[in-house]
Amino acid sequence: MRRWPLLATIPVLGLAAIWGSAIGIIELRHAVDRSQDLYRVDTVGSQIESDLEFQTQESRRAFLYALAVTDPNQQLPYVDAAREADEEVRGTIQRFRQIQAPESVTASIRDFEQSWSAYVQTRNDVVAAILSGDSKGAMEVDQRRGNDTFLAALRNLHALKKALEDHARTQSSRVDRTLKECIVGLALFVAATFSIVSALLKINLARAVAARALAVTNHELEKAQEMDSRRVAILEMVGTHAPLGKALASIAALPSWNQPGAGAAVWSIVENTLLYQVSSDLPEPLTNALRSKSFERVEGRLNLSMEEERKLADLASQANLAESIIPLQNATGDAIGLLLIFCPRGGACSSSADVRRRVSSQMAQLAALAIESTLLYERLAFQAQHDVLTGLPNRLLFQDRVQQAILRAQRSRRKVAVLWFDLDRFKQINDSLGHRVGDELLCEFARRLKSSIRESDTAARIGGDEFVVLAADLDGAADSQVVAEKLMKHIRLSMAISGHDLRISASAGVSVYPDHGLEPSLLMRNADLAMYQAKRAGRDTFQVFQKELSDSMGRRLEIEQELKGAIDNGEFHLVYQPLIGRQDQLIGFEALLRWNNRKLGSVSPAEFIPIAEEAGLILRIGEWVTRAACNDGARWMNGEFPASVRDVK
Amino acid sequence: VRFALKFSNTTRTLALLGCLAPSAAPAAGEEFSAIVHRSNPVENLSVKDLRAMFTGAISHWPNRVKIVLAQRESGSPPNGFLMARLLNTSWRDYKRSLETMEFEGQEPVTFRVLNSDLAACKFVFNVPSALALIATSSAASPECRDVRVLRIDGALPSQEGYKLK
């Protein structure tokens with residue numbers, strides 16, 4: 001709600017309220033003052049005026065009574081009464097003066113007082129005459145002056161009364177007008193105040209609504225932050241390759257964290273193995289049912305059967321839970337698991353549908369990520385330890401298996417054999433029939449190896465056409481030969497590959513722990529040496545390692561290994577033997593290959609050329625020699641003879 | 001007191017009546033006061049002047065205002081003292097002498113008979129030219145506070161040498 005228009009009106013309304021209240025209060029004060037004046041001057045004044053009129057009449061009447069009798073003893077009470085009435089008149093006049101009447105009224109009372117004093121003076125004279133027995137004279141004086149002065153006093157009294165009435169009328173109209181202005185001011189004040197209060201109430205209401213919304217938002221933000229932290233923790237589990245079950249348990253616990261009573265179950269397929277995790281907050285019957293559920297793959301997706309889904313829905317309903325089934329898929333859309341979320345009916349898994357959807361979506365994403373990451377990690381781990389082409393363990397894994405087998409053999413005092421196979425003339429097959437046929441041949445060879453060994457044994461591919469087999473838990477060294485013979489027999493069988501009926505053989509070397517070495521690397525090296533011995537023995541056979549062959553074969557293997565990098569490392573060079581004719585003339589040069597290896601030093605061609613020939617390196621070396629000799633010859637033809645040649649020349 | 005004593009026939013007649021026995025005798029030792037209006041300029045009278053005023057021999061105050069006598073009724077102590085001690089006559093003779101004076105064409109003495117000292121006080125209060133004789137004991141009453149008691153031969157009542165007792 002936009003509150004600034006309301007906020008902007010409050011100062012205006014406040015000013016209006018202040019102005020209205022000020023006007024109302026001022027006018028009310030005026031009205032009160034005028035009402036008080038009206039009461040004091042007019043009400044009290046009228047009462048006083050009435051008293052005056054009565055008292056003057058009383059005075060006059062008593063005086064006339066005195067005139068009516070002749071006995072002074074009877075006249076005196078009337079005279080006293082007249083005088084008392086006169087005193088009351090004077091007291092009343094003083095009382096009238098105290099009401100602080102306006103000048104228009106006080107002028108009238110002043111006139112009355114003067115006229116009354118004149119009357120009293122005359123009356124005293126008449127009284128004196130009466131009491132003196134001069135009734136006739138008294139009557140004459142009264143007729144001549146007393147009556148007139150008394151009537152004058154009465155007229156002034158009536159004038160006073162009229163002045164009071166005028167004043168009352170004026171003041172009443174003023175009071176009316178002032179009260180109306182007061183009512184207008186107060187009405188404005190009340191209206192403005194009401195508007196302010198209304199605006200403040202609206203603002204407070206809006207503020208309360210905003211505060212509630214903020215509280216909800218904060219709560220949801222805290223939930224989201226907590227959700228993020230839990231998500232990060234799960235991602236850390238995934239990133240650190242924690243056990244998948246632990247990550248799935250954390251994912252399954254998310255709904256119960258979000259709302260007590262909620263729960264989830266997660267199924268995953270890793271290596272065709274079904275794993276599950278169930279939130280502990282779910283009722284036990286439902287948990288038991290979930291653990292015993294079977295799933296089926298329908299069109300590549302993991303699904304509950306209709307019957308299972310119905311039973312599950314019934315159990316959830318009995319527990320007053322609503323269920324949501326979310327299939328888990330990897331990036332390519334393959335089914336990798338299933339997520340079931342249960343929420344208490346009548347509520348929600350979260351304070352809002354957005355958060356609920358977000359939680360469900362994040363749970364599904366996390367579960368899919370965890371499962372896919374696990375799958376990927378296991379695939380990578382597999383690839384790191386296996387040969388991609390054949391699926392057999394690679395050198396690394398094989399060495400580890402050998403190490404494990406050695407450890408077991410140490411405890412059991414048994415033998416471990418390493419068999420090193422190298423396909424005979426594989427290069428020819430590869431070159432003639434193509435790499436695809438060569439690859440298929442390698443795969444078939446691997447299958448035959450794997451199918452020919454025990455489950456506890458290991459077959460591995462460690463090079464292009466080199467395979468090794470680990471035979472553990474052998475009773476004696478002779479068992480290794482039995483294994484070798486068995487494998488050689490299986491290998492010799494013909495293979496139908498891409499329309500080619502191929503018959504292949506392999507040479508094998510065998511080394512046995514602990515007879516031929518205590519370390520995996522030594523065992524493999526000795527098996528390799530023995531394999532070379534078998535090659536030299538005519539191929540398609542196997543040889544058991546012999547210690548006396550170790551040194552020579554070791555030198556040979558070392559030379560072969562170094563030869564592989566000799567051309568690239570520029571270790572070869574040529575020397576030229578001049579050819580002299582019969583007439584003692586120079587007829588040519590004989591190029592002689594020399595190899596100076598940084599590790600082996602200068603190696604004789606008589607030693608390394610046969611090895612190069614056996615290893616198939618001689619063609620590349622010959623090419624290099626031809627190219628180098630031609631280049632040198634061309635330079636010589638251009639006169640660029642080296643010093644030694646010039647000397648000969 | 002400076003005013004002219006006017007001896008008239010009435011005065012003489014009253015003097016002749018002095019041998020008459022008083023109508024009522026005042027109690028022994030009782031004092032009487034002569035009171036006048038506060039506006040009256042006279043403050044002191046001699047017994048002789050007082051007697052002349054009551055007998056009509058002096059009829060006006062020095063300010064030319066006619067004296068109005070306020071007499072107590074017959075049988076009252078002030079009337080008894082006035083008749084017996086001051087005028088030496090009786091009430092009947094006193095009135096007769098006044099009637100005679102009027103019959104003979106003299107200026108009549110104005111007097112009014114009042115039934116009490118308090119009434120006499122009120123009368124004097126209302127009539128500026130009045131003169132009354134009342135018991136001194138009554139002169140202290142509230143009704144008499146607005147009149148003035150005259151010195152008689154220079155003495156106020158209760159003072160030594162006061163003669164109206």
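Calculation criteria
Residues numbered from 1 in each chain as written. Chains lettered and ligands numbered in written order. Predicted model: local features only at pLDDT ≥ 70, side-chain atom pairs only at ≥ 80, totals over all residues. Heavy atoms only, no water. Pairing = 2+ DSSP bridges. Helix = DSSP H or I, 4+ residues; strand = E, 2+ residues; numbered from the N terminus. Axes fitted to C-alpha atoms, helices over the stretch in contact; angles between N-to-C directions. Disulfide = S-S within 2.5 Å. Buried < 20%, exposed > 50% of the residue type's maximum accessible area, 1.4 Å probe, protein only. Contact = heavy atoms within 4.5 Å. Buried area = accessible area lost by both parts, 1.4 Å probe. Salt bridge = Lys/Arg side-chain N within 4 Å of Asp/Glu carboxyl O. Polar contact = N/O pair within 3.5 Å; in protein donor to acceptor, adjacent residues only side chain to side chain. Phe/Tyr/Trp six-rings, centres within 6.5 Å; stacked < 30°, edge-to-face > 60°. Parallel < 35°, antiparallel > 145°, perpendicular 65-115°, else oblique. Left-handed = near helix turned anticlockwise from the far one by under 90°. Nonpolar A, V, L, I, M, F, W, Y, C, P; charged D, E, K, R; others polar.

## Brief notes about the sheet that holds strand β13 (residues 542-544) of chain A
Residues and elements named next belong to chain A.
And step 1. Pairing is mixed across the open sheet formed by five strands, whose spatial order is β8-β9-β7-β12-β13. Two strands lie at the open edges of the sheet, namely β8 (458-461) and β13, each paired on one side alone. Going from strand to strand, the sheet's axes swing by 20° on average, the running direction of each strand aside.
And step 2. For strand β7 (residues 415-423) and strand β9 (residues 466-474), the ladder comprises seven bridges, and the chain directions are antiparallel. From the neighbouring strand, Lys 415 faces β9, where its bridge partner is Leu 474.

## A short note on the state of the cysteines
Covalent bonding between the sulfur atoms of two cysteines is what defines a disulfide.
All names here are of chain B.
And step 1. Taken as a whole and assessed by the stated rule, the structure comprises one disulfide over all chains.
And step 2. Note that Cys 121 is cross-linked by a disulfide to Cys 144, the S-S spacing being 1.9 Å. Looking along the S-S bond of the Cys 121-Cys 144 disulfide, the torsion reads about 90°, which is the right-handed sense. Remark: Cys 144 occurs in the loop between α6 (136-139) and β6 (147-149) and Cys 121 occurs in helix α5 (residues 117-126); sequence separation between them is 23 residues.
And step 3. Owing to a relative accessible area of 0%, Cys 121 belongs among the buried residues under this scheme.
And step 4. Judged by its relative accessible area of 4%, Cys 144 falls in the buried class.

## A closer look at the interface of chain B and chain A
Interfaces are often described in size by the accessible area the parts lose on coming together.
And step 1. With 13 residues of chain B at the contact, the number on the chain A side is 16 residues.
And step 2. Of the roughly 1,000 Å² buried where chain B meets chain A, counting both sides, 52% is carbon and sulfur surface.
And step 3. Applying the counting criterion to the chain B and chain A interface returns one salt bridge.
And step 4. For Lys 122 of chain B, the salt bridge is made with Asp 80 of chain A, and the minimal N-O distance between the two is 2.6 Å.
And step 5. Scanning the region where chain B abuts chain A turns up six residue pairs in polar contact (both at pLDDT 80 or more).
And step 6. Counting residues per element, the ones that place at least two in the side of chain B that touches chain A are β4 (110-114) and α5 of chain B.

## Remarks on the packing of aromatic side chains
And step 1. The tally for this structure, following the rule as stated, stands at 18 aromatic pairs over all chains.
And step 2. Ring centres of Phe 421 of chain A and Phe 445 of chain A lie 6.4 Å apart, and the angle between their planes is 70°; on these two criteria the pair is classed as edge-to-face. With Phe 421 of chain A in strand β7 and Phe 445 of chain A in helix α12 (residues 435-452), the pair connects residues that are 24 residues apart, well separated along the chain. When sorted by exposure, Phe 421 of chain A lands in the same class as Phe 445 of chain A, which is buried.
And step 3. Considering the side-chain rings of Phe 32 of chain B and Phe 81 of chain B, the 4.7 Å spacing of their centres and the 20° angle between planes classify their relative orientation as stacked. Of this pair, Phe 32 of chain B sits in strand β1 (residues 32-37) while Phe 81 of chain B sits in helix α3 (residues 77-87), and the two are 49 residues apart along the sequence.

## Considerations on the packing of helix α2 (residues 72-97) of chain A against helix α3 (residues 103-131) of chain A
Any two packed helices are characterised by the angle at which their axes cross and by the distance between the axes.
Residues and elements named next belong to chain A.
And step 1. One way to put it is that α2 packs onto α3 with a least axis distance of 11 Å and a crossing angle of 165°. Accordingly, the angle class assigned to the pair α2 and α3 is roughly antiparallel. In the packing of α2 onto α3, the handedness of the crossing is left-handed.
And step 2. The class makeup of the residues in the contact of α2 with α3 is 15 nonpolar, four polar and six charged.

## Thoughts on the packing of α12 of chain A against helix α13 (residues 477-492) of chain A
All names here are of chain A.
And step 1. As a packed pair, α12 and α13 sit with axes 10 Å apart at the nearest point and diverge in direction by 145°. Seen along the crossing, α12 lies across α13 with a hand that is right-handed. Here α12 contributes Phe 445, Arg 448, Leu 449 and Ser 452 to the contact with α13, which in turn contributes Lys 486, Leu 487, His 490 and Ile 491.

## Things to note about the sheet that holds β6 of chain B
Residues and elements named next belong to chain B.
And step 1. Strand order in the open sheet formed by five strands is β4-β3-β5-β1-β6, and the pairing between neighbours is mixed. Both edges of this open sheet fall to β4 and β6, since each of them pairs with a single strand only. Averaged over neighbouring strand pairs, the angle between their axes works out to 30° when direction is ignored.
And step 2. The pairing of strand β3 (residues 68-72) with strand β5 (residues 130-135) spans three bridges and is parallel. Among the inter-strand pairings, Ala 70 is bridged to a residue of β5, identified as Ala 132.
And step 3. Most of the contacts of helix α2 (residues 47-55) go to β5, to which it runs at about 115°, and overall it touches β1, β3 and β5.
And step 4. Across the sheet, α3 lies against β1, β3 and β5, angled at about 105° from β5, the strand it touches most.

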